[in-house]
Amino acid sequence: MVKVIGVRFRTAGKVYYFGPKDIEFKRSDHVIVETARGVEFGTVVLPNMEVEDDQVVQPLKNVIRKATPDDEEREKRNREKEKDAYKICLEKIMKHGLEMKLINAEYTFDNNKVLFYFTADGRVDFRELVKDLASVFRTRIELRQVGVRDETKILGGMGICGRPLCCHTYLSDFIPVSIKMAKEQNLSLNPTKISGICGRLMCCLKNEADTYEYLNRNLPNIGEFVTASDGLKGEVKEINVLKQTVKILVEVDDEKEMHEYPVSELKFKPRHRKENKDFKDKDRKHGKRGKGNFNDAKASFDENEEDAELKELEMLEMKDGKSKIDD
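For the structure given in this document, a descriptive report is provided here. Computed from a prediction, not measured in an experiment: that's the story for all the values here.

For the rest of this paragraph, the subject is the overall build of the chain. What the chain contains, in helices and strands, is seven helices and 13 strands. Counting across all 327 residues of the chain, residues that qualify as buried make up 39%. Of the contacts formed within the chain by residues at least 6 apart in sequence, a portion of 61% connects residues at least 24 apart. Summed over its atoms, the accessible surface of the chain is roughly 20100 Å², and 50% of this surface lies on carbon and sulfur atoms.

Once that is clear, we can look at helix α3 (residues 148-155). It helps to recall that an α-helix has 3.6 residues per turn; residues three or four apart then point in one direction. In terms of residue burial, α3 counts as a mostly covered element, since six of its eight residues are buried. Among the residues of α3, Arg149, Asp150, Glu151, Thr152, Lys153 and Ile154 are the ones counted as buried. Within two residues after α3, glycine 156 carries a phi angle of roughly 75 degrees, on the positive side.

Taking 1.5 Å of rise per residue, the 28 residues of helix α1 (residues 69-96) would be expected to cover 40 Å, and the 41 Å separating its terminal C-alpha atoms lies within 8% of that figure. Burial in α1 covers these residues: Asp71, Glu75, Asn78, Glu82, Ala85, Cys89, Lys92 and Ile93. On its buried face, α1 sits against β3 (30-35), β4 (38-51), β5 (65-66), β6 (101-107), β7 (113-119) and α2 (127-137). A positive backbone phi angle near 65 degrees is found at glycine 97, which sits one or two residues after α1.

In this section: the pattern of salt bridges. This model, assessed by the stated rule, comprises 17 salt bridges. Here lysine 66 ties to aspartate 29 by a salt bridge, and the two come within 3.7 Å at their closest N and O atoms. Of this pair, lysine 66 sits in strand β5 while aspartate 29 sits in the loop between β2 (15-18) and β3, and the two are 37 residues apart along the sequence. Its relative accessible area of 33% is what places lysine 66 among the partly exposed residues. Judged by its relative accessible area of 15%, aspartate 29 is buried. As a salt-bridge pair, glutamate 128 and lysine 131 come within 3.6 Å of each other at their nearest N and O atoms. Taken together, the residues span about one helical turn, with glutamate 128 and lysine 131 both in helix α2 at a distance of three residues.

Conventions adopted
- Residues numbered from 1 in each chain as written.
- Predicted model: local features only at pLDDT ≥ 70, side-chain atom pairs only at ≥ 80, totals over all residues.
- Heavy atoms only, no water.
- Helix = DSSP H or I, 4+ residues; strand = E, 2+ residues; numbered from the N terminus.
- Buried < 20%, exposed > 50% of the residue type's maximum accessible area, 1.4 Å probe, protein only.
- Contact = heavy atoms within 4.5 Å.
- Areas by Shrake-Rupley, 256 points an atom, 1.4 Å probe, with all protein chains shown as cover.
- Expected span 1.5 Å × (residues − 1).
- Salt bridge = Lys/Arg side-chain N within 4 Å of Asp/Glu carboxyl O.

Put into structure tokens, the structure is as follows:
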């Protein structure tokens, strides 16, 4: 076991371990530490504790000191200087005619380096820009290309739920999200409804994915025939995952009626719900040639277009990978 403290350098950023020496730290204390980027100003999020040796990246560096009032003032000045650095870099990008979107400027605590984060559709030759910036700031310049998720994480915003974005408030890293998670939760597969501000699948799809996957294992598939405890047999028309109830269409006295039962009162072969082929094949008649009307054809076209958007979303999700801010 080794004694460490957890330090974070940005809101919802990655947590790094440092040796506390003989100093007792509290949560929210500010510290000065040495990192691969240089001397940095960080915030303690995990006070003194012991962790297993294999959880620590060796060699473990010790904190330099607790932040003093002078350090706090210097950090505040750095934040102000970053605003000016951002404006200058923006002007230089326009001067060089580069197709890149500047996201943020960041000074290391010791002013040994200025980092500029940007997004771009492809590779950007910014060598001349770096030379220009170095002549202005007289220090090391680093330009770092990040993805759209990182852009949203840095800038923040409000989600469709009306709350601050998860990635900007507490998510230290991006979790893999898939279309399957939306299907498991019976959410609309409309790309605009399951995408976040960044244009990628919403991170919160992961929050309840495991619970829905577990609950779905106890339910029949829609379209499956089941037998109720009262002896009636019928086709499953609707399920409520959270209430664990099922609505089935049964025939009573030559009339069809919809009955609702708890899943515990139904007999069927329990299994995990299959991913519905081609996003549930919403209406098979749309696939037949020479039949249907104009509305059917239009609906089929819209569904195919939506399917293509979903597949593109999934490909982008796989391509994005982890956050590049803390690399």
